[in-house]
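Each chain is listed here by its residues.
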Amino acid sequence: MIKIAPSMLSADFASMGDSLERLSAWGADMVHLDIMDGNFVPNITFGPGMCKALRPKCSLPFDVHLMVDHPQDWIQPFKDAGADIITFHVEAERHIHRLLQHIHSLGMKAGVVLNPATPVSTCFHVAENCDMILLMGVNPGFGGQSFIPETLNKIATLRSFLDGRGLNVDIEVDGGINRETARLCREAGASVLVAGNAVFTAQDPAAMIGELRG
Ligand code: DX5
Ligand code: ZN
């Protein structure tokens with residue numbers, strides 16, 4: 001079963017709580033929160049304060065995607081803010097294995113994120129320490145970009161690596177997901193799809209979530 005994680009980056013920032021309250025009724029499986037620091041990526045979004053304020057509005061798992069330098073500094077604050085899953089970029093962290101252990105030690109699920117140019121093999125030696133591996137379908141920083149087709153090869157390679165090892169790790173794909181790219185990602189072996197613009201600009205977001213799930 002494919003899970004759909006709408007990204008709050010594409011919601012109306014002036015009414016985040018209202019948008020969040022609708023997600024369960026739309027059939028979303030989790031909430032994707034894009035945390036940007038203006039250093040690791042050329043944009044700034046919001047931090048643990050916003051996450052904590054939103055937490056009571058929704059019972060779906062909070063999937064926190066850290067696009068920040070020094071991600072280790074932000075694990076405890078996002079734990080305190082109600083995160084259920086934290087993923088961080090391998091490009092931003094020297095001690096990937098240690099940080100995954102740290103996230104787990106606080107009782108959360110953990111995963112790594114790979115930018116488009118980062119070889120998929122970068123995550124192989126920590127795959128068994130991950131609950132989820134996030135492959136970027138765009139360069140991180142902004143919603144509404146076009147999906148980079150090479151991502152499909154990375155998904156397929158990772159799917160065959162995980163299946164070959166018997167590892168039950170979610171493959172999440174983030175960026176440029178629409179009806180067509182969702183289908184391609186599902187066929188390549190993705191299990192979680194993040195969707196920002198596709199969901200929040202849809203006439204019927206519930207129907208769109210159903211279509212993305214396939
Ligand atoms: C990009 C973010 C994505 C983005 C997805 O840096 O990580 O979550 O919001 O937006 P769409 O689905 O519009 O590409
Ligand atoms: Zn994201």
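Above this text is the structure in question.
Described below are features of the structure shown in this document. As the structure is a computational prediction, the values presented were derived from the model and not from experiment.

The rules behind these values
- Residues numbered from 1 in each chain as written.
- Chains lettered and ligands numbered in written order.
- Predicted model: local features only at pLDDT ≥ 70, side-chain atom pairs only at ≥ 80, totals over all residues.
- Heavy atoms only, no water.
- Helix = DSSP H or I, 4+ residues; strand = E, 2+ residues; numbered from the N terminus.
- Rg over C-alpha atoms; globule rule 2.2 N^0.38 Å.
- Buried < 20%, exposed > 50% of the residue type's maximum accessible area, 1.4 Å probe, protein only.
- Contact = heavy atoms within 4.5 Å.
- Areas by Shrake-Rupley, 256 points an atom, 1.4 Å probe, with all protein chains shown as cover.
- Lys, Arg positive; Asp, Glu negative; His and termini not counted.
- Charge placed at Lys NZ, Arg CZ, Asp CG, Glu CD.
- Donors = N, O, S within 2.8 Å, 3.2 Å for Na, K, Ca; no water.
- Tetrahedral: all angles 85-135°; square planar, octahedral: opposite > 155°, others 65-115°.
- Core = buried A, V, L, I, M, F, W, Y, C linked by side-chain atoms within 4.5 Å.
- Expected span 1.5 Å × (residues − 1).
- Arc of directions from axis to C-beta.
- Axes fitted to C-alpha atoms, helices over the stretch in contact; angles between N-to-C directions.
- Nonpolar A, V, L, I, M, F, W, Y, C, P; charged D, E, K, R; others polar.
- Near = heavy atom within 4 Å.
- Polar contact = N/O pair within 3.5 Å; in protein donor to acceptor, adjacent residues only side chain to side chain.
- Pairing = 2+ DSSP bridges.

Another aspect to go through is the overall build of the protein. The helix and strand inventory of the protein stands at 8 helices and 8 strands. Relative to a compact globule of 214 residues, whose C-alpha radius of gyration would be 17 Å, the protein shows 16 Å and is just as compact. With respect to the three principal axes, the spread of C-alpha positions in the protein is 40 × 35 × 30 Å. Taken across its 214 residues, the protein has 56% of its residues classed as buried. Considering only intrachain contacts with a sequence separation of at least 6, the fraction spanning at least 24 residues in the protein is 63%. If you sum the accessible surface of the protein, you get close to 9200 Å²; carbon and sulfur atoms cover 49% of it. Averaging the locations of the 16 positively and 24 negatively charged side chains of the protein gives two centres separated by 3 Å.

Attention shifts here to the coordination of the zinc ion (ligand 2). Distances from the zinc ion (ligand 2) to its protein donors, namely His 32 (NE2), Asp 34 (OD), His 65 (ND1) and Asp 174 (OD), fall within the range 2.0 to 2.2 Å. Here the zinc ion (ligand 2) binds 6 donor atoms, and the angle range of 67 to 165 degrees at the metal identifies the geometry as octahedral. If you list the donors of the zinc ion (ligand 2) from N- to C-terminus, the spacing comes out as H-x1-D-x30-H-x108-D. With Asp 34 in strand E2 (residues 31-36) and His 65 in strand E3 (residues 62-67), this pair connects stretches of sequence that are 31 residues apart. His 65 shares its class with Asp 34; the two are buried.

The subject of this paragraph is the nonpolar core. Ranked by internal contacts, the top residues of the largest apolar core, which has 66 residues, are Leu 33, Val 112 and Leu 158. If we skip the residues at most four places from it in the chain, Leu 158 touches Val 120, Cys 123, Phe 124, Ile 133, Leu 135 and Ile 171.

Time to look at helix H5 (residues 151-165). For H5, with 15 residues, the first-to-last C-alpha span of 21 Å sits near the 21 Å given by 1.5 Å per residue. Taken residue by residue, H5 has Thr 151, Lys 154, Ile 155, Leu 158, Arg 159, Phe 161 and Leu 162 as its buried positions. Viewed along the axis of H5, the buried residues span an arc of 165 degrees, placing them on a single side of the element. Considering only its buried residues, H5 is in contact with strand E5 (109-114), strand E6 (132-136), strand E7 (170-174) and helix H6 (179-188). At the C-terminal side of H5, Gly 166 shows a positive phi close to 70 degrees.

Moving on to the packing of H6 against helix H8 (residues 205-213). Packed helix pairs are characterised by how far apart their axes lie and by the angle those axes make with each other. Packing of H6 against H8 leaves a shortest axis separation of 8 Å and a crossing angle of 35 degrees. Where H6 abuts H8, its residues Arg 179, Ala 182 and Arg 186 lie against Met 208, Glu 211, Leu 212 and Arg 213. Of the residues belonging to the contact of H6 with H8, the class tally is 3 nonpolar, no polar and 4 charged.

Close contacts around ligand 1 come from 20 residues, with Asp 34, Gly 141, Gly 144, Asp 174 and Gly 196 the closest. Gly 144 is positioned with one of its backbone polar atoms (N or O) 2.8 Å from an oxygen atom of ligand 1. A distance of 2.9 Å is found between an oxygen atom of ligand 1 and a backbone nitrogen or oxygen belonging to Gly 176. Computed on the free molecule, ligand 1 has an accessible area of 380 Å², of which 99% lies beneath the protein chains in the complex. Listing elements by their share of the shell around ligand 1, those giving two or more residues are E2, E3 and strand E8 (192-195). In terms of residue count, E2 provides more of the shell around ligand 1 than any other element does, 3 residues in total. The residue inventory of the shell around ligand 1, partitioned by class, reads 8 nonpolar, 10 polar and 2 charged.

What follows deals with the sheet that holds E8. The strand order across the open sheet built from 8 strands is E1-E8-E7-E6-E5-E4-E3-E2, with neighbouring strands paired in parallel fashion. At either margin of the open sheet sits one strand with a lone partner, and together these are strand E1 (3-6) and E2. Within the sheet, the average angular offset between the axes of one strand and its neighbour, ignoring direction, is 25 degrees. Here E2 pairs with E3 via 6 bridges, running parallel. Paired with His 32 across the bridge in E3 is Asp 63. The strands touched by H5 within the sheet are E5, E6 and E7, with E7 carrying the most contacts at an inclination of about 170 degrees.

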